[in-house]
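Observations on the three-dimensional arrangement
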Amino acid sequence: MEIIANVTEGVIKKAAKALKDGHLVAFPTETVYGLGADATNEKAVSRIYTVKGRPTGHPLIVHISSIKQLDKWAIDIPDYAIKLANEFWPGPMTLILKRSELAKDFITGGQDNIGLRVPNQPVAFALLSEFESLGGLGVAAPSANRFGAVSPTTRLAVHEEIGSYLGSEDSILNGGNCDVGIESTIIDCTTNIPTILRPGAITFEMIKKLVKIKVDSNFFFTTIKSSGLLTSHYSPKALVTLNIPSEPGEGLIAMASIPTPEGSIRLASPKSIEEFAQDLYEALRNGDRRNLAEIKVIFPVGAGLAEAIRDRLIKSSSKKASESE
Ligand code: TXA
Ligand code: MG
């Protein structure tokens, strides 16, 4: 396994070829790092599940370099979905569309639809473009963490999560820290009116300016369709507790305006909601690196991205409850 720190053209060429040959390449996106495989290669895709320890049958998002690749993977695309794609791609948004013949059960988990995304990150763009120039059609990539754990937003975090599960021909591309820091907004585009299944940096407020939109009624607790909506997700080893003051020896993540109680260990002090999203997963991870038993998080307030952060935090904090089920 090779960690590629300096992503040159040669490195991209080699990684794209490795993907084409059926190996895995972890790569940065603007949201979180993904663990990529050729989306048409069943054997390669099955290794994603092994490396992540993810139960099979959970659908994967296919990453493409541009909207031009969309109708290879999807059919009967509604007009509103094209509008969303034109406005927000490349960007932190995944569209769920009716699948084409190309999207096999091993990608969609047997569902009749497929998740597609055009990421907005230079290394990801270079990799996807090069892969397509070799005849590749799309790269399946879940977040590059072990199942149920926190998504990685740095190269080091990817290495800590899955490094020991990768083979000698697999690699991790470096793209520094992810800009957005939490996973893409997922929008179900298989019905008359689109529905937000997972909130993210493309917010309800942004979308509703463009098209009619619904939010899944069970927003925070739905267990169907989207595995990112199961309660055992986004969890560090430490117990995450929300909205109560931290005690001595416990970690604290809160907006910079909130002071640190004496003896608590400050893990992040973001000055804006954007910074909160950017820092959150690495801060949770730093709590684990320091072997903290408990991390207190004070919710950011407001709509938009703050809502997406609260969604992930509710899931991080419900780990112990779901484990005991
Ligand atoms: O930001 C992101 O979306 C990152 C980067 C790497 O692109 N990817 C990511 O993938 O978060 P993953 O697999 O960790 O989470 C994607 C979620 C899963 O909960 C999966 O079940 C859901 O999207 N999903 C994928 N395809 C779907 C489909 N066809 N229908 C419903 N949900 C789907
Ligand atoms: Mg994930």
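Each residue is numbered by its place in its chain's sequence as written, counting from 1. Just so you know, chain letters begin at A and ligand numbers begin at 1, following the order they were written in. Reporting of local features is limited, given that this is a predicted model, to residues whose pLDDT is at least 70; pairs of side-chain atoms are given and counted only at 80 or more, and all residues count toward the totals for whole chains, interfaces and linings. Values shown for side chains rest on all heavy atoms present in the structure; no hydrogens or waters enter the calculation.

1. So, the overall build of the chain
So the rule is basically this: Secondary structure elements follow DSSP: runs of H or I of four or more residues count as helices, runs of E of two or more count as strands, with numbering from the N terminus. In this treatment the radius of gyration is a C-alpha quantity, and the globule benchmark scales as 2.2 Å times the residue count to the 0.38 power. Summary of the burial criterion: residues with accessible area below 20% of their type's maximum are buried, those above 50% are exposed, and those between are partly exposed, where the area comes from a 1.4 Å probe applied to protein chains only. We call two residues contacting when some pair of their heavy atoms lies within 4.5 Å. Exposure was quantified through the Shrake-Rupley algorithm and a 1.4 Å probe, taking into account, for residues, occlusion by the shown protein chains and nothing else. Charge counting treats Lys and Arg as positive and Asp and Glu as negative, with His and both chain ends excluded. In this description, the location of a charge corresponds to atom NZ of lysine, CZ of arginine, CG of aspartate or CD of glutamate.
If you tally the helices and strands in the chain, you get 11 helices and 16 strands. The C-alpha radius of gyration of the chain comes to 19 Å, within 12% of the 20 Å expected for a compact globule of 325 residues. In terms of overall dimensions, the chain has C-alpha extents of about 60 × 45 × 35 Å along its principal axes. Looking at the chain as a whole, 57% of its 325 residues are labelled buried. Within the chain, contacts between residues separated by at least 24 positions form 66% of all contacts whose residues are at least 6 apart in sequence. Summing over all exposed atoms, the chain offers an accessible surface of approximately 13,400 Å²; the carbon and sulfur share of this is 53%. Charged side chains in the chain number 35 positive and 37 negative. The centres of these two groups are separated by 1 Å.

2. Regarding the sheet that holds strand β14 (residues 251–253)
The line we're drawing: Each pair of strands is called paired provided DSSP finds at least two bridges between the two strands. Lines fitted to the C-alpha atoms define the axes, with helices restricted to the stretch that makes contact. Angles between their N-to-C directions range from 0 to 180 degrees.
A sheet is described by the order of its strands in space; here four strands give the open sequence β13-β16-β14-β15, paired in parallel fashion. The two strands at the open ends of the sheet, each matched to only one other strand, are β13 (239–242) and β15 (265–268). Within this sheet the neighbouring strands show an average axis-to-axis angle of 30°, counted without direction. Of the strand pairs in this sheet, β14 and strand β16 (residues 294–297) are connected by three bridges, and their pairing is parallel. In the strand pairing of β16, Leu-252 is matched with Lys-296. Its contacts with the sheet place helix α9 (residues 273–289) against β13, β14, β15 and β16, and it is angled at close to 140° to β15. Its contacts with the sheet place helix α10 (residues 305–317) against β13 and β16, and it is angled at close to 130° to β13.

3. Brief notes about the pairing of strand β11 (residues 195–198)
In this structure, strand β10 (residues 185–188) lies alongside β11, joined through three bridges in antiparallel fashion. Note on β11: the bridge partner recorded for Ile-186 is Arg-198. Once β10 ends, the chain turns through six residues before running back antiparallel as β11.

4. Examining the environment of Glu-132
Let me state the cut-off plainly: Polar contacts, as counted here, are pairs of nitrogen or oxygen atoms within 3.5 Å of one another; within protein the pair requires one atom able to donate a hydrogen and one able to accept it, and residues that are adjacent in sequence qualify only if both atoms are side-chain atoms.
Mapped onto the elements of the fold, Glu-132 is located in helix α6 (residues 122–133). For the pair Glu-132 and Leu-197, spaced 65 residues apart in the sequence, the C-alpha separation amounts to 29 Å. Once residues lying within four places of it in the same chain are set aside, the contact partners of Glu-132 are Ile-64, Ser-65 and Gln-69. Separated by 2.5 Å, the side chains of Glu-132 and Ser-65 make a polar contact.

5. Overview of the packing of aromatic side chains
The criterion, for reference: Pairing of aromatic side chains requires ring centres within 6.5 Å, counting the rings of Phe and Tyr and the six-membered ring of Trp. Pairs whose planes differ by under 30 degrees are stacked, by over 60 edge-to-face, and all others tilted. Geometrically, a charge over a ring is one whose NZ (Lys) or CZ (Arg) sits within 6 Å of the ring centre while staying within 35 degrees of the ring normal.
Enumeration according to the criterion identifies one aromatic pair in this entry. With a centroid separation of 6.5 Å and an interplanar angle of 10°, the aromatic rings of Tyr-234 and Tyr-281 are classed as stacked. One end of the pair, Tyr-234, is in the loop between β12 (214–215) and β13; the other, Tyr-281, is in helix α9, with 47 residues separating them in the sequence. With relative accessibility at 3%, the residue Tyr-234 sits in the buried group. The exposure class of Tyr-281 is buried, given its relative accessible area of 0%. One Lys or Arg, Arg-146, reaches over the ring of Tyr-165 and ends 3.9 Å from the middle of that ring. The side chain of Arg-312 reaches across the aromatic face of Tyr-234, ending 5.5 Å from its centre.

6. Overview of helix α2 (residues 42–52)
Regarding α2, the residues found buried are Ala-44, Val-45, Ile-48, Tyr-49, Val-51 and Lys-52. If you follow the buried residues of α2, they end up packed against β3 (34–38), α5 (105–108), β8 (139–140) and α7 (155–162). Sitting at the amino-terminal end of α2 is Asn-41, which places a side-chain oxygen 3.1 Å from the backbone nitrogen of Lys-43. At the exit of α2 stands Gly-53, carrying a positive phi of roughly 65°.

In short, shape yes, function no, at least from these values alone.
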